[in-house]
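The lines below spell out each chain.
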Amino acid sequence: MSEIDLGLGILDHQLVDSAGHHCGKVDDLELEGVRDGTPRVAAILTGSSAWRGRGLLGRLAAAIARGRTVRIPWEEVKEVHAEVELRRTAHELRLAREEHARRVVERIPGASL
Amino acid sequence: MKNVFAIALGILAAIGGFVDIGDIVFNTAAGATFGYELLWAVVIGVGGIITYAEMCGRVAAVSERAVFDAVRERLGFQVGLVALVAAQFVNLLTIAAEVGGVALVLQLLSGLPYRALLVLALLALALVLWLMPFSWIERVFGYIGLALLVFAVAAIKLHPDWAQVARGFVPKAETDNLAVYGYYVVGLIGAAMIPYEVYFYSSGAVEEGWRPKDLGVNRANAIVGYTLGGVLSFALMISAGALLLPQGISPEHLGSVALVAEVPLGQIGLILALVGMLFAISGAAIDSVFAGAYNLGQFFGWEWGKYRHNAGAPRFTITWAVMLVLGFLIVMTGVDPILVTELSVVFSVVALPLTYLPILLVANDRAYMGRYGNGVVGNVFGVFYLAVLVVVALAAIPLLIASNMGQG
């Protein structure tokens, strides 16, 4: 993989699943090997409780949202361009957070328009 | 040929879509108070919206990122969150102002009670948002909003002193009431550069799947569309300056705005003015409601956009519905929609630099933009307007207080 700046190139980017659906942002990164001098990204963390690693306002927002964090191992990442493309569907990666909202909206006539 | 036609249609929609309740209120109030002296401030505002709309459209077409994707990537979570909260606060005020404005115009048309018309406006807007395809919304309201061109005819018919009009395009401040003058400068620049337009424009570009080949359309929409939209602002100010200033009428009601078209052009002028205002303000209400939902969806990485059907982007759908209802509830309290309009414009000026800085950064980033990055012209204008916005943002609230919201 070519060289990318983790701060600007991955963090806060859009996650897209294998079906092309938006499924959250790269809210934080899990690094390993920092101590032995060969740091690499082990996983992408997404979900509102991952904001805790993002400063004071992040901790505050995480406390208010009270959501969960999903850990996506780096092996699940297919490609990084403007968006971070994943190898599987949001559902398989347990990222399908829009389901509840979808059931609410679907009850209204004309929802498929 | 088909392409030229599409560009022309886009431009027409941009003209009709330029004017909203903020432009109507500030341009007529400035005309009624200072005549043509503040035309230069509209030029600055229009230049600003052209600069940033073109940049956002280009960023969307080349990097496939809408405004709040760029905001979060560039400013990070914390500063991005501050920008988001500020933008949503301003959007909410704008939605309230536009919904109130729709009800005020309906009242002028029907004479029915204001609160009943607020409910009608809410229902009508919700139905359009729920049922109408994106491309239709953009066109229908933009085209019928072109009825506002009646103000250009009115401005000519009122025979203003054109030499004096021309002098209004030269910046100066020959007034003994600097606070009010300054307040209107802030208002006119803010009304022209109101942020929802850029959020909506860039998100629309991503929704319509713009690519670098669409950059010509982007440039035409931004430059020609917004320039001609600016002509509508000039027309409002000039006709208010020619008619309302000598009579000493201050346009605290939209009725006196309609009067500006009615006096020189009669019944037909009145009807065109009201229909134009109704569709222009309704279109702005819809755009600002969508803008709020776009921002949230982009910041948090949801499915967003009207091209995914209502249930296909459920959190986006719920967000616009909630924002529309909240805006409705604000004006339902009975607070004067004109007051809400002025506040929404002034606060939008304060929030603008946080939106435009990341766009300027991304437009200069070759990793995102390749060979479509900002050129010298884009950067000179971009940096100039960022500086203007910072100055105007710092002055906005003190001027609001010092001028007693333009009342002197």
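What counts, and where the lines are drawn
- The residue numbering used here restarts from 1 in each chain and proceeds along that chain's sequence as written.
- Naming scheme: in the order in which they are written, chains are lettered from A and ligands are numbered from 1.
- With the structure being a predicted model, the display of local features is reserved for residues of pLDDT at least 70 and the display and counting of side-chain atom pairs for 80 or more, all residues being used for whole-chain, interface and lining totals.
- Strands are runs of DSSP state E lasting at least two residues, helices are runs of H or I lasting at least four, and both sets are numbered from the N terminus onward.
- We call a residue exposed when 12 or fewer other C-beta atoms sit within 10 Å of its C-beta, buried when the count reaches 20 or more, and partly exposed for counts in between; the C-beta positions come from the backbone.
- Once C-beta atoms are placed from the backbone, any two residues with those atoms within 7 Å are in contact.
- Computation of the radius of gyration draws on C-alpha atoms, with the globule rule given as 2.2 Å multiplied by the number of residues to the power 0.38.
- Between any two strands, pairing holds if DSSP finds at least two bridges.
- The axes are straight lines fitted to the C-alpha atoms, using for helices just the contacting stretch, and the angles between their N-to-C directions are given from 0 to 180°.
- pLDDT is a residue-level measure of predictor confidence that goes from 0 to 100.
- Multiplying 1.5 Å by the helix residue count minus one yields the expected span of that helix.
- For this quantity, the arc is that covered by the directions from the helix axis to the C-beta atoms.
- In this count, Pro and Cys sit with the nonpolar residues alongside Ala, Val, Leu, Ile, Met, Phe, Trp and Tyr, while Asp, Glu, Lys and Arg are called charged and the others, Gly among them, polar.
- Note on terminology: angles under 35 degrees are roughly parallel, angles over 145 are roughly antiparallel, angles of 65 to 115 are roughly perpendicular, and the others are oblique.
- Note on convention: near helix rotated counterclockwise from far helix by under a right angle means a left-handed crossing. Clockwise means right-handed.
- Nonpolar cores are built from buried Ala, Val, Leu, Ile, Met, Phe, Trp, Tyr and Cys residues. These are joined into a set through C-beta atoms within 7 Å.

Caption draft 1: Examining the overall build of chain A more closely. Each helix and strand in chain A was counted, giving three helices and seven strands. Structurally, chain A occupies a C-alpha span of about 60 × 30 × 20 Å along its principal axes. Out of the 113 residues belonging to chain A, those deemed buried represent 29%. At a minimum sequence separation of 6, the contacts of chain A that also span at least 24 residues come to 39%.

Caption draft 2: Local environment of the overall build of chain B. A count of helices and strands for chain B gives 16 helices and zero strands. A globule of 408 residues ought to have a C-alpha radius of gyration of about 22 Å, and chain B, at 20 Å, matches this closely. Buried residues in chain B amount to 60% of all 408 residues. Sequence separation of 24 or more characterises 86% of the internal contacts of chain B that already satisfy a separation of 6 or more.

Caption draft 3: Layout of the sheet that holds strand β3 (residues 28-32) of chain A. Residues and elements named next belong to chain A. Read across the open sheet, the three strands follow the order β3-β4-β5; overall the sheet is antiparallel. Where the open sheet ends on each side, the last strands, each with one partner, are β3 and β5 (70-73). With strand direction ignored, the average angle separating the axes of adjacent strands in the sheet is 30°.

Caption draft 4: Molecular detail of the confidence of the model for chain B. Residue and element names in this part refer to chain B. In this model, chain B carries an average pLDDT of 92, and 99% of its residues clear a pLDDT of 70 or more. Put simply, helix α1 (residues 2-18) is where chain B has its lowest mean pLDDT, 73, and helix α7 (residues 150-157) is where it has its highest, 97. Among the scores for the predicted complex, ipTM is 0.93 and pTM is 0.94.

Caption draft 5: Structural context of helix α6 (residues 134-145) of chain B. All names here are of chain B. In a regular helix each residue adds 1.5 Å, so twelve residues correspond to 16 Å; α6 covers 17 Å between its end C-alpha atoms and thus fits that length. Here α6 has its buried residues at I137, E138, F141, G142 and G145. Buried residues of α6, seen end-on, are gathered within an arc of 105° and therefore sit on one face of the element.

Caption draft 6: How the structure looks around the sheet that holds strand β6 (residues 77-80) of chain A. Residues and elements named next belong to chain A. If you trace the four strands from one edge of the open sheet to the other, you get β2-β1-β7-β6, paired in mixed fashion. In this open sheet, the two edge strands, each paired with only one partner strand, are β2 (22-25) and β6. For this sheet the average axis-to-axis angle between neighbouring strands, irrespective of direction, equals 25°. The pairing of β6 with strand β7 (residues 83-86) spans three bridges and is classified as antiparallel. Within the sheet, the bridge partner assigned to E79 lies in β7 and is E85.

Caption draft 7: Just the environment of B:L109, in detail. Its location among the elements puts B:L109 in helix α4 (residues 67-110). Counting along the chain gives 180 residues from B:L109 to B:V289, while the straight-line C-alpha distance between them is 24 Å.

Caption draft 8: Quick peek at the pairing of β5(A). Residues and elements named next belong to chain A. The alternating pattern of β5 places V70 and I72 on a buried face and R71 and P73 on a face that is not buried. Of the pairings in the sheet, the one linking strand β4 (residues 40-46) to β5 comprises four bridges and is antiparallel in character. The residue bridging A43 from the neighbouring strand is P73, located in β5.

Caption draft 9: A look at the interface of chain A and chain B. Each side of the interface is counted separately: chain A has 26 residues, and chain B has 23 residues. Looking at the side of chain A that touches chain B, the elements with two or more residues in it are β1 (14-16), β2, α2 (55-65) and α3 (99-106) of chain A. Per-class residue counts for the side of chain A that touches chain B are eleven nonpolar, nine polar and six charged.

Caption draft 10: Inspection of the packing of helix α3 (residues 39-63) of chain B against helix α14 (residues 337-363) of chain B at higher detail. All names here are of chain B. In contact at an axis separation of 10 Å, α3 and α14 are set at 50° when each is read in the N-to-C sense. On the basis of their axis angle, the class for α3 and α14 is oblique. Crossing of α3 over α14 shows left-handed handedness. Between α3 and α14, the residues in contact are Y52, M55, C56, R58, V59 and S63 and Y356, I359, V362 and A363, respectively. For the contact of α3 with α14, the class distribution of residues is eight nonpolar, one polar and one charged.

Caption draft 11: Broad picture of the packing of helix α5 (residues 114-131) of chain B against helix α13 (residues 314-332) of chain B. Residues and elements named next belong to chain B. As a packed pair, α5 and α13 sit with axes 11 Å apart at the nearest point and diverge in direction by 170°. Comparing the axis directions of α5 and α13 gives the class roughly antiparallel. Side by side, α5 and α13 meet where R115, L118, L122, L125, A126 and L129 of the first sit next to W320, L324, F328, V331 and M332 of the second.

Caption draft 12: Structural detail: the confidence of the model for chain A. Looking at chain A, the pLDDT average stands at 89 and 96% of residues meet or exceed 70. Averaged pLDDT values over the elements of chain A bottom out at 74 in helix α1 (residues 6-9) of chain A and peak at 96 in β5(A).

Caption draft 13: Quick peek at unusual backbone geometry. With phi around 70°, A:D12 is a residue other than glycine that occupies positive phi space. With respect to the element layout, A:D12 can be found in the loop between α1 and β1. On the basis of neighbour counts, which here come to 23 C-beta atoms within 10 Å, the residue A:D12 falls in the buried class. For B:H159, which is not glycine, the phi dihedral falls at a positive 50°.

Caption draft 14: Representation of the environment of B:F200 within the structure. All names here are of chain B. If you trace the backbone, F200 turns up in helix α10 (residues 195-207). On the basis of neighbour counts, which here come to 26 C-beta atoms within 10 Å, the residue F200 falls in the buried class. Separated by 137 residues in sequence, F200 and S63 have C-alpha atoms that sit 17 Å apart. Leaving out residues up to four positions away in the same chain, F200 has contacts with D287, F290, A291 and Y294.

Caption draft 15: Fine view of the nonpolar core. Ranked by internal contacts, the top residues of the largest apolar core, which has 162 residues, are B:V99, B:F151, B:L188 and B:I359. For this core, the leading source of residues is helix α12 (residues 254-300) of chain B, giving 26 residues. Formed by twelve residues, the second largest nonpolar core is a distinct cluster that contains A:C23, A:L86, A:A90 and A:L93.

Caption draft 16: Focus on the environment of A:T69. All names here are of chain A. With respect to the element layout, T69 can be found in the loop between α2 and β5. The class for T69 is partly exposed, based on 17 C-beta atoms found within 10 Å. Along the backbone, T69 and L95 are 26 residues apart, and their C-alpha atoms lie at a distance of 9.4 Å. Excluding its chain neighbours within four sequence positions, the residues that come into contact with T69 are L45, G47, S49 and A50.

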